[in-house]
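Below, each chain spelled out in residue letters.
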Amino acid sequence: MTTDDAALRFEIERPDEADGTVVVLLHGRGADRHDLRGLHRHLPAGITLVTPEAPHPGRPWGYGTGWAWYRYKADDRVVEPTLTDSLDRLERFLAELPDRVGMILERVILGGFSQGGTTSLAYALTRPGQVAGIAMLSGFLVDAPDAVPVTDSGAEGLRVFWGHGFADPAIPHALAVRGRARLDGVGAKLTSRDYPMGHQIAPREMDDLAGWMAALDG
């Protein structure tokens, strides 16, 4: 089930002096477009933050009153048509992003928390070269060879920051280890950071992410 309107709703946090870099962060399961807006203050100066809202209503799937990027099955598996629908909508959203934010974009970094991180990585692997990097915060690499192939043609050179909690009860750390190994095997440029936390975003993680973003041009 999806919303009737194909356009994703979104929020924007723009600094006084924007530098042309836009970070698009996708919320987790059952949240909405407002959930990650507060992370803007942790990003490098000059970055514009855009937070779109997932297209699938969460309530029919038992996810509460918020929204979802896909329907989860188990382990690292999802209901594939729900994910591919979101990826198609996200592609249209990003294509229209310069008009939506009213500025010329020098680069786009895509990422998110939990489902948002999972969706972001799937997007980069299925649409190589469309974003400058992926910020994976406590997500997983989908096991769906047909819908999200993990090959060197799609992943080689892809810059990924992957932060995860050792004690994550929702997406176990073992899934991070598995996903990272798959990315390493196909030539992704992976920066992995682990933290003594559960399923959350920690201040230290945001510091590490900001440093990674600032070094992307290097």
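Everything here concerns the structure above.
Quantities reported herein were computed from a predicted structural model and do not represent experimental measurements.

S.K.: Help me understand the sheet that holds strand S9 (residues 133-137) in this model?
M.R.: Pairing between the strands of a sheet comes from backbone hydrogen bonds, and it takes one of two forms, parallel or antiparallel. The strand order across the open sheet formed by seven strands is S1-S3-S2-S8-S9-S10-S11, and the pairing between neighbours is mixed. One side of each edge strand has no neighbouring strand; the edge strands of this open sheet are strand S1 (10-13) and strand S11 (189-195). Each neighbouring strand pair of the sheet contributes to a mean axis angle of 15°, computed without reference to strand direction. Looking at chain direction, strand S2 (residues 21-26) and strand S8 (residues 107-113) are connected through six bridges and run parallel. Directly across from Thr21, in S8, lies its bridge partner Arg107. Relative to strand S10 (residues 159-165), helix H5 (residues 173-185) is tilted by about 165°, and along the sheet it contacts S10 and S11.

S.K.: Looking at this structure, I do not really get the pairing of S9. What am I missing?
M.R.: Side-chain positions along a regular strand alternate between the two faces of the sheet. Counting buried positions along S9 gives five out of five residues, so the element sits mostly inside the fold. Relative to S9, S8 runs parallel, the two being bridged by five bridges. Counted as the bridge partner of Phe113 is Leu137 from S9. With respect to chirality, the unit in which S8 leads through helix H3 (residues 115-126) into the neighbouring parallel S9 is right-handed. In the sheet, S9 pairs with S10 via four bridges, with the strands oriented parallel. In the strand pairing of S10, Ile134 is matched with Val160.

S.K.: Whenever I open this one, the packing of aromatic side chains confuses me. Can you help?
M.R.: Aromatic ring pairs are defined here through the distance separating the ring centres and the angle between the ring planes. Under the criterion given, the structure shown has five aromatic pairs. For the pair Phe161 and Trp212, a centre-to-centre distance of 6.0 Å together with 50° between the ring planes defines the contact as tilted. Of this pair, Phe161 sits in strand S10 while Trp212 sits in helix H6 (residues 203-214); the two residues are 51 residues apart in sequence, bridging distant segments of the chain. Relative accessible area serves as the criterion here: at 10%, Trp212 is assigned to the buried category. Among the aromatic residues, those joined into a ring-pair cluster are Tyr70, Tyr72 and Phe140.

S.K.: Even after reading the chapter, I still don't get the nonpolar core, so can you show me in this structure?
M.R.: A general trend in soluble globular proteins is that nonpolar side chains are found buried together. If you look at the biggest cluster of nonpolar residues, it comprises 46 residues, and the most contacted ones within it are Val24, Leu97, Leu121, Leu125 and Trp162. Taken together, the elements giving at least two residues each to this core come down to S2, helix H1 (80-95), helix H2 (97-101), S8, H3, S9, S10 and H5. Residues Leu36, Tyr195, Met206 and Leu209 belong to the second largest nonpolar core, which totals 21 residues.

S.K.: When you look at H5 in this model, what are you seeing that I'm missing?
M.R.: Residues separated by three or four positions in an α-helix point in the same direction, a consequence of the helix having 3.6 residues per turn. The end-to-end C-alpha distance of H5 is 19 Å, a good match for the 18 Å that 13 residues give at a rise of 1.5 Å each. Among all positions of H5, only His173, Leu175, Ala176, Gly179, Arg180 and Leu183 are buried. For H5, the buried positions fall inside an angular range of 145° around the axis, keeping them on one side. Of the exposed residues in H5, the ones pointing more than 90 degrees away from its buried face are Ala174 and Gly185. Residues of H5 that are buried make contact with H3, S10 and S11. Backbone geometry just after H5 places Gly187 at a positive phi near 90°.

Definitions and limits used
- Residues numbered from 1 in each chain as written.
- Predicted model: local features only at pLDDT ≥ 70, side-chain atom pairs only at ≥ 80, totals over all residues.
- Heavy atoms only, no water.
- Pairing = 2+ DSSP bridges.
- Helix = DSSP H or I, 4+ residues; strand = E, 2+ residues; numbered from the N terminus.
- Axes fitted to C-alpha atoms, helices over the stretch in contact; angles between N-to-C directions.
- Contact = heavy atoms within 4.5 Å.
- Buried < 20%, exposed > 50% of the residue type's maximum accessible area, 1.4 Å probe, protein only.
- Right-handed = clockwise from strand over helix to strand, strands pointing away.
- Phe/Tyr/Trp six-rings, centres within 6.5 Å; stacked < 30°, edge-to-face > 60°.
- Core = buried A, V, L, I, M, F, W, Y, C linked by side-chain atoms within 4.5 Å.
- Expected span 1.5 Å × (residues − 1).
- Arc of directions from axis to C-beta.

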